[in-house]
Protein chains: 2
Amino acid sequence: MRQSQLFTKVRKEAPADEVARNAQLLIRAGFIHKDMAGVYSLLPLGLRVVTKIEQIIRDEMNKLGGQEVDLAALQNKTLWEETDRWDDEAMDVWFKTELNSGGEVGLAPTHEEPLTALLSGYVSSYKDLPFSVYQFQTKFRNELRAKSGIMRGREFTMKDLYSFSRTEEEHQAFYERAATAYETIFNRVGIGHLTHKTFASGGTFAPFSHEYQTVTDVGEDTIYLDEASGIAINEEVLNDDVLAELNLTKDTLVSKKAIEVGNIFSLGTKFSEPLGLSYVDEHEAKHPVIMGSYGIGLGRLMGTVAEVLADENGLVWPKSIAPFHVHLIALQGGEEAADMVYEKCKAVGIEVLYDDRDKRAGEKFADSDMIGIPLRVVVSEKTLAAGQLEIKKRDTGEVIMVTEEELFNTLRN
Amino acid sequence: MRQSQLFTKVRKEAPADEVARNAQLLIRAGFIHKDMAGVYSLLPLGLRVVTKIEQIIRDEMNKLGGQEVDLAALQNKTLWEETDRWDDEAMDVWFKTELNSGGEVGLAPTHEEPLTALLSGYVSSYKDLPFSVYQFQTKFRNELRAKSGIMRGREFTMKDLYSFSRTEEEHQAFYERAATAYETIFNRVGIGHLTHKTFASGGTFAPFSHEYQTVTDVGEDTIYLDEASGIAINEEVLNDDVLAELNLTKDTLVSKKAIEVGNIFSLGTKFSEPLGLSYVDEHEAKHPVIMGSYGIGLGRLMGTVAEVLADENGLVWPKSIAPFHVHLIALQGGEEAADMVYEKCKAVGIEVLYDDRDKRAGEKFADSDMIGIPLRVVVSEKTLAAGQLEIKKRDTGEVIMVTEEELFNTLRN
């Protein structure tokens, strides 16, 4: 698109109350808007990034055989009473509100209860299982403090996947496939090299859950990483028994700050028993369904990529989730040639943001660095005189001069 | 996908408290789930329909030059006080809740206030205008009664577009383009022939707004239609002055029940003035921005299509928004050949639901009619013996026998 048409602009300053660097950068570059503490809106550039993250995740969820749904946010109190999670003591992040027609409802902080109840109307036989269901849906969490930018929002889009299995073995096999899908997702969005599968607290039904922790100094969590094996342990479960079980020794562990970008959890029959999700086996015996849940926050993932890949000049996006692949910049004398490159990019399906604004070169370059599109292409009187165009890679700073033909060969890759 | 894998099943009955036919059919066919009165979740088939509707609307919004965003649901009280819409007397559908850190917040029933406030940080000069912004976002409305199925939800996804213009003339030109886009959308989803642009109450800044009303006996609104011109008038504005202005006479008007599937509204400076969204013109004079808003509820649109196109056997989807294009049904003796047709459909990109379940023919046909996919393809011992496959059109009931080659020629169209 033409940058002159984009309603956002790069700003010099972030709001004074915004202390998180990821949110500062995303706000300054026009990706997000801060509505209130912990509440952010997605602007055109930010929505493009999140949509690409969503499509990568959807792709991997579909490969797992996940069936996509979209569950309601408003929650029926009765359901959550059956699992003892309606009380604010049990679930301290509830937002609750009143119907005008009478009665209290909640805003879903997660969706185990409504999905389990819904499925009890569809599952009865062993032939109905196993399967998995996922969604991209808005969660509401009434966080007491919300100072980590988009890392811990009061309202955020989450991909939540839930699995439904007949046996512990069947559950475990799906759990391992989900873990692999998570690794693929973090690789595809460009933070695989910094992200570790981390042993964390498991609850009633499993010795451990697993978190995916991305190492960064601004992380809220502390993990202990065995760099040789790549295995990490969350501080909360680190003790001698666990070390022995995982075959690790304290000496090789390095403490790291990290941010949790995903988690996978064995739920056992915690929800299926109270909510009546069960099946009858081949021998007419009834069993509760064995469940797992698997979450990724999309805004948090965008914030994490922003945080760990940005440099002193601004955001740095990997191509897979960049809002555009090319930032085409017209400088004085290059406008007409740049227009033609722009039209040609569109014609061949290259995603291009075209800086056609009447601004100085310095401002255009600074804005481009801040926005962080992977390739910058400059068309100016000078480059044209040399019969060439300038390509600069945002991540390495590498600059090459190419002919127009070479440019399109490069961009197509 | 294989129907044996789909977790939903066609049901004989809808919930006893569900009085709306559209919701009864959508629930029975497994498209939606009723969580509470006015609160529905989208199941895999329903989400596929809504996603297609969304993509048609997005396409038309992009053609208008609309920039897509995703605004937060949680609302800052202060903003809405500035436009006098925080009070429950002024806006009677608010859901409000409390932050754990203190302070009241609302759940957005619409987004004029936050978007106008947000844009005041980006718009200052006449050079920044005009533009338009849209989103697909969840609205929360605390309706006292919610008995129309998914036609009037307490929580629903809305496409809301907002336009920002410098002059009344510029606004009017966009308004007309938006009106044309709306007509295209209703044509594309298959209800154009029943949908009328209807003069409705305009508010402070315009003599009229326009609604798009789809004629159906279960409509909540009454419109007066001049069948010759296709012009309709909402009951609420019908009087002698309006008739004279529109050059209509009472005798030619026919009263019809209709459901409002969209509306477009000139907002003037109602929001831009109190919220400080203004621009400085070429002569250094400051003016408030002139706004318009343009809404379509996605669930309501799905419900309307369901309502007006369904027949006594179930849902009838137009190809443009059908969950799948082909319902392939294997009957006894045809399983192996059906498997091959299924694989071939997938290979050439035909969207197919494959009924590979171990069920009687009668049940498969009844389920297929209820789900309403445009083309049913039956593979059985009988059809194979004749060297042919049976295609039945869901809307007309027309049946033709074709060879496999002819089948794929038909499906590709």
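The structure presented is a predicted model; accordingly, all values stated were derived computationally and were not measured.

Let's shift gears to the packing of helix α1 (residues 21-28) of chain A against helix α8 (residues 298-309) of chain A. All names here are of chain A. Where α1 meets α8, the axes come as close as 8 Å, and the angle between the chain directions of the two elements is 95 degrees. Our classification of the angle between α1 and α8 gives roughly perpendicular. Contacts between α1 and α8 involve R21, N22 and L26 from the first element and M302, G303, A306 and E307 from the second. Looking at the contact of α1 with α8, its residues break down into three nonpolar, two polar and two charged.

What follows is about the relation of the copies chain A and chain B. Once chain A is rotated about the relating axis by 180 degrees and shifted along it by 0.0 Å, it coincides with chain B to within an RMSD of 0.0 Å. In the structure described here, the two chain copies are related by an operation that fits a two-fold rotation axis. No C-alpha of chain A approaches the rotation axis more nearly than that of T97(A), which lies at 2.6 Å.

Strand pairing within a sheet occurs via backbone hydrogen bonds; the two strands may be parallel or antiparallel. Residue and element names in this part refer to chain B. Spatial ordering of the open sheet is given by β18-β17-β19-β20-β21, a layout of five strands whose pairing is mixed. Strands with a single pairing partner mark the edges of an open sheet, and in this sheet they are β18 (352-355) and β21 (399-402). Pairs of neighbouring strands in the sheet enclose a mean axial angle of 20 degrees, with direction left out of account. One ladder, built from four bridges, connects strand β20 (residues 389-393) with β21; its direction is antiparallel. Residue I391 lies in a different strand from β21, and its bridge partner there is I400. Where helix α9 (residues 335-347) meets the sheet, it contacts β17 (326-330), β18 and β19 (375-379), and its direction lies at approximately 165 degrees from that of β18. Contacts between helix α10 (residues 361-371) and the sheet are confined to β17, β18 and β19, with β17 contributing the most and set at about 175 degrees to the helix.

With that settled, the discussion passes to the pairing of strand β13 (residues 253-268) of chain A. All names here are of chain A. Of the strand pairs in this sheet, strand β10 (residues 208-215) and β13 are connected by six bridges, and their pairing is antiparallel. For Q213, the partnering residue across the bridge sits in β13 and is E260. Bridge count for strand β11 (residues 221-226) against β13 is six bridges, and the pairing is antiparallel. Counted as the bridge partner of D221 is A258 from β13. For β13 and strand β16 (residues 290-297), the ladder comprises five bridges, and the chain directions are antiparallel. Pairing of I264 across the sheet is with Y294, part of β16.

Here we take up the layout of surface pockets. Residues and elements named next belong to chain A. In this structure, the second largest pocket encloses a volume near 1200 Å³. Together, 47 residues line the second largest pocket, and R141, M158, E260, N263 and F265 are the ones closest to its centre. Broken down by secondary-structure element, the contributors of at least two residues to the lining of the second largest pocket are β8 (155-165), β9 (195-201), β10, β13, β16 and α8. Ranked by residue count, the leading element in the lining of the second largest pocket is β13, at eight residues. Of the residues assigned to the lining of the second largest pocket, the class counts are 19 nonpolar, 14 polar and 14 charged.

Another point: the sheet that holds strand β18 (residues 352-355) of chain A. Residue and element names in this part refer to chain A. In spatial order, the strands read β18-β17-β19-β20-β21; together these five strands make up an open sheet with mixed pairing. Two strands close off the open sheet at either side, each with one partner strand: β18 and β21 (399-402). Here the strands of the sheet are splayed against their neighbours by 20 degrees on average, with no regard to which way each runs. Two strands pair when backbone bridges link them, and strand β19 (residues 375-379) and strand β20 (residues 389-393) are joined in this way by four bridges, in the antiparallel orientation.

With that settled, the discussion passes to the domain arrangement of chain A. All names here are of chain A. The domains assigned to chain A are domain 1 (3-309) and domain 2 (326-412). Between domain 1 and domain 2, the C-alpha centre-to-centre distance is 38 Å. Across the boundary between the two partners, domain 1 contributes ten residues, which contact ten residues of domain 2. At the boundary of domain 1 with domain 2, total buried surface from both sides reaches about 960 Å², with 60% on carbon and sulfur atoms. Between the two partners, domain 1 and domain 2, sit two salt bridges. Between R48 and E351 there is a salt bridge, and its shortest N-O distance comes to 3.3 Å. When residues of the side of domain 1 that touches domain 2 are traced back to their parent elements, those giving at least two are α1 and α2 (44-63). Per-element accounting of the side of domain 1 that touches domain 2 gives the leading share, three residues, to α2.

Residues and elements named next belong to chain B. Orientation of α9 relative to helix α12 (residues 404-411), taken along the N-to-C sense of each, is 35 degrees, at an axis distance of 12 Å. As α9 packs across α12, the resulting crossing turns out to be right-handed. The segment α9 lies against α12, with V341, K344 and C345 engaging E404, L407, F408 and L411. Classifying every residue of the contact of α9 with α12 gives five nonpolar, no polar and two charged.

Moving on to the side chain of T8(A). Here T8(A) is to be found in the segment before α1. The exposure class assigned to T8(A) is buried, which follows from its relative accessible area of 6%. For T8(A), the residues in contact, after removing those within four places along its chain, are G30(A), L43(A), P44(A) and Y122(B).

Let us now look at the confidence of the model for chain A. Parts of the prediction with low pLDDT should not have their coordinates interpreted in detail. Taken over all residues, the pLDDT of chain A has a mean of 95, while the share at 70 or more is 100%. Here the complex is predicted with pTM 0.97, and the ipTM for its interfaces comes to 0.97.

What follows deals with a negative patch on the surface. Residues and elements named next belong to chain A. A grouping of E81, E82, D84, D87, E89 and D92 is seen on the molecular surface, where their side chains present a negatively charged patch. Along the chain, the position of D87 falls in the loop between α3 (77-82) and β5 (95-98). Classification of D87 by relative accessible area gives partly exposed; the value is 44%.

A word on the packing of aromatic side chains. Each pair of aromatic rings is reported with the distance of its centres and the angle of its planes. Applying the stated criterion to the full structure yields 29 aromatic pairs over all chains. An angle of 90 degrees between the planes, with centres 5.9 Å apart, marks the rings of Y134(B) and F136(B) as edge-to-face. For Y134(B), a relative accessible area of 1% translates into the label buried. Aromatic rings pair up to connect F7(A), Y122(B), F131(B) and F164(B) into one cluster. When the ring centre of Y122(A) is taken as reference, the NZ or CZ atom of R11(B) above it lies at 4.3 Å. Above the plane of the ring of F408(B) lies K344(B), whose end atom (NZ or CZ) is 4.5 Å from the centre.

So, about empty space enclosed by the protein. Residues and elements named next belong to chain A. In total, this model carries one cavity of 30 Å³ or more according to the counting rule given. Taken as a whole, the largest cavity encloses approximately 40 Å³ of empty space. What lines the largest cavity is S368, D369, I373, R376, K392, K393 and R394. Counting residues per element, the ones that place at least two in the lining of the largest cavity are α10 (361-371) and β20. A breakdown of the residues in the lining of the largest cavity according to their chemical character gives one nonpolar, one polar and five charged.

About the criteria used
- Residues numbered from 1 in each chain as written.
- Chains lettered and ligands numbered in written order.
- Predicted model: local features only at pLDDT ≥ 70, side-chain atom pairs only at ≥ 80, totals over all residues.
- Heavy atoms only, no water.
- Axes fitted to C-alpha atoms, helices over the stretch in contact; angles between N-to-C directions.
- Helix = DSSP H or I, 4+ residues; strand = E, 2+ residues; numbered from the N terminus.
- Parallel < 35°, antiparallel > 145°, perpendicular 65-115°, else oblique.
- Contact = heavy atoms within 4.5 Å.
- Nonpolar A, V, L, I, M, F, W, Y, C, P; charged D, E, K, R; others polar.
- Least-squares fit on C-alpha atoms with pLDDT ≥ 70 in both.
- Pairing = 2+ DSSP bridges.
- 1 Å grid on protein atoms, 1.4 Å probe; cavity = no way out; pocket = protein on both sides within 12 Å on 5 of 7 lines; lining within 4 Å.
- Points joined across faces, edges and corners; volume = space filled by probe spheres on them.
- Domains from an automatic or database assignment.
- Buried area = accessible area lost by both parts, 1.4 Å probe.
- Salt bridge = Lys/Arg side-chain N within 4 Å of Asp/Glu carboxyl O.
- Left-handed = near helix turned anticlockwise from the far one by under 90°.
- Buried < 20%, exposed > 50% of the residue type's maximum accessible area, 1.4 Å probe, protein only.
- pLDDT = per-residue confidence, 0-100.
- Patch = residues over 30% accessible without salt bridge, like charges linked within 9 Å, V, L, I, M, F, W, Y side chains within 5 Å.
- Areas by Shrake-Rupley, 256 points an atom, 1.4 Å probe, with all protein chains shown as cover.
- Lys, Arg positive; Asp, Glu negative; His and termini not counted.
- Charge placed at Lys NZ, Arg CZ, Asp CG, Glu CD.
- Phe/Tyr/Trp six-rings, centres within 6.5 Å; stacked < 30°, edge-to-face > 60°.
- Lys NZ or Arg CZ within 6 Å of the ring centre and 35° of its normal.

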